[in-house]
Amino acid sequence: MNSNRKNVIVITSKDPYSIKEILTLVESLDYNVAKIITQKRLGYGKYGIGYGKLLELKEWLKNNKVDFIIFDEKLSVSKTYNLAKVTQILVMDRERLILNIFNERAFTEEAKLQVKLAELKYEIPRAREKVRLAKLGEQPGFYGLGKYEVDVYFRDLKRRISIITKKLKKVSKRRNLYRERRESLGLRTLALAGYTGSGKTTLFNLLAKEYKDTHRGVFTTLSPVTRSIMINAKKVLLLDTVGFIERLPPYMIEAFKSTLEELIYSNLILLLIDISEDNSVIMRKYKTCQEILNELNVSNSKILLVFNKADLLPKEELELKVKLLRKYEPRVIISAKSGFGLGTLMEELEKRLIGEKILEEIKDRSP
Ligand SMILES: Nc1nc2c(ncn2[C@@H]2O[C@H](COP(=O)(O)OP(=O)(O)O)[C@@H](O)[C@H]2O)c(=O)[nH]1
Ligand SMILES: [Mg+2]
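Residues numbered from 1 in each chain as written. Chains lettered and ligands numbered in written order. Predicted model: local features only at pLDDT ≥ 70, side-chain atom pairs only at ≥ 80, totals over all residues. Heavy atoms only, no water.

J.: Lay out the site of ligand 1 in plain terms, naming residues and giving numbers.
T.: In the neighbourhood of ligand 1, 16 residues make up the surrounding shell, with Gly 197, Lys 200, Thr 201, Thr 202 and Asp 311 lying closest. Here Asp 311 contributes a side-chain N or O atom positioned 2.6 Å from a nitrogen atom of ligand 1. Taken by itself ligand 1 offers 570 Å² of open surface, and the protein chains cover 78% of this. The cavity where ligand 1 resides is the largest pocket. When residues in the shell around ligand 1 are grouped by element, the largest group, 3 residues, is from helix 8 (residues 200-210). Across the shell around ligand 1, the residue classes break down as 3 nonpolar, 9 polar and 4 charged. (Near = heavy atom within 4 Å. Polar contact = N/O pair within 3.5 Å; in protein donor to acceptor, adjacent residues only side chain to side chain. Areas by Shrake-Rupley, 256 points an atom, 1.4 Å probe, with all protein chains shown as cover. 1 Å grid on protein atoms, 1.4 Å probe; cavity = no way out; pocket = protein on both sides within 12 Å on 5 of 7 lines; lining within 4 Å. Sits in = over half its atoms within 2 Å of the grid points. Helix = DSSP H or I, 4+ residues; strand = E, 2+ residues; numbered from the N terminus. Nonpolar A, V, L, I, M, F, W, Y, C, P; charged D, E, K, R; others polar.)

Right under this line is the structure:
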């Protein structure tokens with residue numbers, strides 16, 4: 001285990017879905033969750049949590065050290081300040097956390113600029129209050145801001161937004177070098193998409209381990225979320241993506257989409273769905289994924305549905321579910337954890353990724 005991992009406390013609601021989601025988000029940044037505090041009504045009162053919970057938190061902090069408090073809701077500047085002041089720990093609200101995840105997954109120049117823009121948009125409504133509070137005394141998260149005059153800081157943010165907006169206009173016209181290089185090498189790309197918690201990273205690790213590309217080359221290890229793997233003796237680039245997140249504020253949608261830009265250029269997209277969830281949840285999530293993929297102009301023929309976490313259901317229930325979900329095609333059923341269905345998945349990948357490509361190449365060569 002990585003000893004540099006940051007320790008965090010997560011403050012979230014009592015809803016099991018929300019808890020599961022925030023933990024997956026936090027873990028995707030490789031933070032270690034040292035404690036979870038749940039609160040029925042999140043974001044109220046002076047500190048965003050009730051007084052009883054605050055005392056519990058302070059008591060716990062006497063014997064434990066953490067790097068951040070992660071607050072699973074939007075938290076106003078004054079509540080962030082109050083909570084940081086009383087705990088002397090940096091407070092990161094849900095939006096700040098998501099921006100950090102986007103930051104880590106923004107590969108293209110455009111995606112980086114979109115994330116930067118979303119960060120500035122996050123700051124704008126907070127700027128005045130933040131500077132005002134910073135002048136009252138230094139707190140974690142407010143350091144250094146106190147030296148600014150409110151209007152100067154505000155104008156500075158505005159100016160940076162306008163610069164980035166201009167840059168974005170230029171960049172979107174240019175093609176991405178990295179992608180061009182990949183295309184020129186004739187590499188096929190396989191991308192993993194789906195909601196947070198559907199098992200993308202687990203499948204990514206499984207495929208990267210089982211089908212590891214042992215040849216040394218430019219694309220052997222590109223980044224923590226990109227691997228080159230071998231499928232039927234052909235090199236395939238595997239991409240893990242940010243994943244869909246519930247309750248995403250509108251100003252983040254563009255940044256989110258830009259982190260998914262790579263999907264447009266992928267040869268095949270595995271859309272992961274957690275089959276252990278209720279049918280109504282599966283249907284809602286599937287619909288949201290489809291809508292966003294359509295907006296990105298990803299053709300349906302490039303999407304293969306992967307029902308994951310089959311190991312969590314008893315055999316009879318799994319069969320029943322598969323029957324109920326039969327209209328969602330084409331699909332495979334797997335468990336990224338146990339490896340169940342991996343053989344079938346690989347057959348599909350070969351057929352769709354390698355087979356199709358070979359046909360294309362033959363066509364290209366014919367006069
Ligand atoms: N039981 C079970 N758990 C799984 C499976 N795949 C992923 N998980 C778990 O689901 C959680 C989220 O997985 P992760 O790969 O991080 O999802 P991501 O957000 O889509 O990248 C983790 O706790 C995984 O261990 C599976 O096939 N079966
Ligand atoms: Mg992941």
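J.: Help me get a handle on a positive patch on the surface, residues and values and all.
T.: On the surface, a cluster of positive charge is contributed by Lys 166, Lys 167, Lys 169 and Lys 170. Judged by its relative accessible area of 57%, Lys 166 falls in the exposed class. (Patch = residues over 30% accessible without salt bridge, like charges linked within 9 Å, V, L, I, M, F, W, Y side chains within 5 Å. Salt bridge = Lys/Arg side-chain N within 4 Å of Asp/Glu carboxyl O. Lys, Arg positive; Asp, Glu negative; His and termini not counted. Charge placed at Lys NZ, Arg CZ, Asp CG, Glu CD. Buried < 20%, exposed > 50% of the residue type's maximum accessible area, 1.4 Å probe, protein only.)

J.: Kindly report on the layout of surface pockets, identifying the contributing residues and their values.
T.: The method is simple in principle: a probe with the dimensions of a water molecule rolls over the atoms, and the space it marks as empty is what remains. One number sums up the size of the largest pocket: a volume of about 460 Å³. Around the largest pocket sit 23 residues that line it, and Thr 24, Gly 197, Ser 198, Gly 199 and Thr 202 are the ones nearest its centre. Counting only elements with at least two residues in the lining of the largest pocket, the list comes to helix 1 (16-28), helix 4 (94-105) and helix 8. Of all the elements, helix 1 adds the most residues to the lining of the largest pocket, at 4 residues. A class-by-class count of the residues in the lining of the largest pocket yields 5 nonpolar, 11 polar and 7 charged. When residues of the lining of the largest pocket are sorted by domain, at least three fall in each of domain 1 (7-101) and domain 3 (177-365). One number sums up the size of the second largest pocket: a volume of about 290 Å³. Tyr 17, Glu 21, Glu 246, Glu 277 and Lys 285 are, among the 22 residues lining the second largest pocket, the residues nearest its centre. (Points joined across faces, edges and corners; volume = space filled by probe spheres on them. Domains from an automatic or database assignment.)

J.: Hey, could you go over the environment of Gly 194 for me, with residue numbers and the actual values?
T.: With respect to the helices and strands, the residue Gly 194 is situated in strand 5 (residues 188-194). Accessibility expressed as a relative area gives 0% for Gly 194, which makes it buried. Taking C-alpha positions, Gly 194 is 8.3 Å from Tyr 286, a pair spaced 92 residues apart along the chain. Residue contacts for Gly 194: discarding those within four places in its chain leaves Lys 200, Gly 243, Phe 244, Leu 271, Leu 272 and Cys 289. (Contact = heavy atoms within 4.5 Å.)

J.: Account for the packing of helix 4 against helix 5 (residues 109-134), naming residues and giving values.
T.: Packing of helix 4 against helix 5 leaves a shortest axis separation of 10 Å and a crossing angle of 165°. Classed by the angle they form, the pair helix 4 and helix 5 counts as roughly antiparallel. With respect to the hand of their crossing, helix 4 and helix 5 are arranged in left-handed fashion. Note on element contacts: helix 5 touches helix 4 through Val 115, Ala 118, Glu 119 and Tyr 122, opposite Glu 95, Arg 96, Leu 99, Phe 102 and Asn 103. Of the residues assigned to the contact of helix 4 with helix 5, the class counts are 5 nonpolar, 1 polar and 3 charged. (Axes fitted to C-alpha atoms, helices over the stretch in contact; angles between N-to-C directions. Parallel < 35°, antiparallel > 145°, perpendicular 65-115°, else oblique. Left-handed = near helix turned anticlockwise from the far one by under 90°.)

J.: So what's going on with the nonpolar core? Residues and values would help.
T.: Grouped together as the largest cluster of nonpolar side chains are 55 residues, with contacts concentrated most on Tyr 31, Ile 70, Leu 97 and Phe 102. Among all residues touching Leu 97, those that are not within four sequence positions of it are Ile 22, Leu 25, Val 26, Leu 29, Tyr 31, Ile 70 and Met 92. If you look at the next biggest cluster of nonpolar residues, it comprises 24 residues, including Leu 192, Leu 203, Phe 204 and Leu 207. (Core = buried A, V, L, I, M, F, W, Y, C linked by side-chain atoms within 4.5 Å.)

J.: Can you explain the pairing of strand 1 (residues 7-12)? Please cite residues and give values.
T.: For strand 1, the buried fraction is high: 5 of the 6 residues fall into the buried class. Bridging between strand 1 and strand 2 (residues 32-38) involves 6 bridges; their strand directions are parallel. Residue pairing across strands places Val 8 opposite Val 33, the latter belonging to strand 2. Chirality of the crossover, the property in question, places the unit of strand 1, helix 1 and strand 2 among those that are right-handed. Here strand 1 pairs with strand 3 (residues 68-71) via 4 bridges, running parallel. Across the sheet, residue Ile 9 finds its bridge partner in strand 3, namely Ile 69. (Pairing = 2+ DSSP bridges. Right-handed = clockwise from strand over helix to strand, strands pointing away.)

J.: Tell me about the domain arrangement of the protein, residues and numbers included.
T.: Here the domain parsing of the protein yields domain 1 (7-101), domain 2 (106-171) and domain 3 (177-365). On a C-alpha basis, the centres of domain 1 and domain 3 stand 32 Å from each other. Taken together, the contact pairs 11 residues of domain 1 with 13 residues of domain 3. The interface formed by domain 1 and domain 3 includes 4 salt bridges. For the salt bridge of Asp 72 with Arg 247, the shortest nitrogen-to-oxygen distance reads 3.6 Å. Linking domain 1 with domain 3 are 4 residue pairs in polar contact (both at pLDDT 80 or more). Mapped by element, the contributors of at least two residues to the side of domain 1 that touches domain 3 are helix 1 and helix 4. The dominant element in the side of domain 1 that touches domain 3, judged by the number of residues it contributes, is helix 1, at 5 residues. Per-class residue counts for the side of domain 1 that touches domain 3 are 4 nonpolar, 1 polar and 6 charged.

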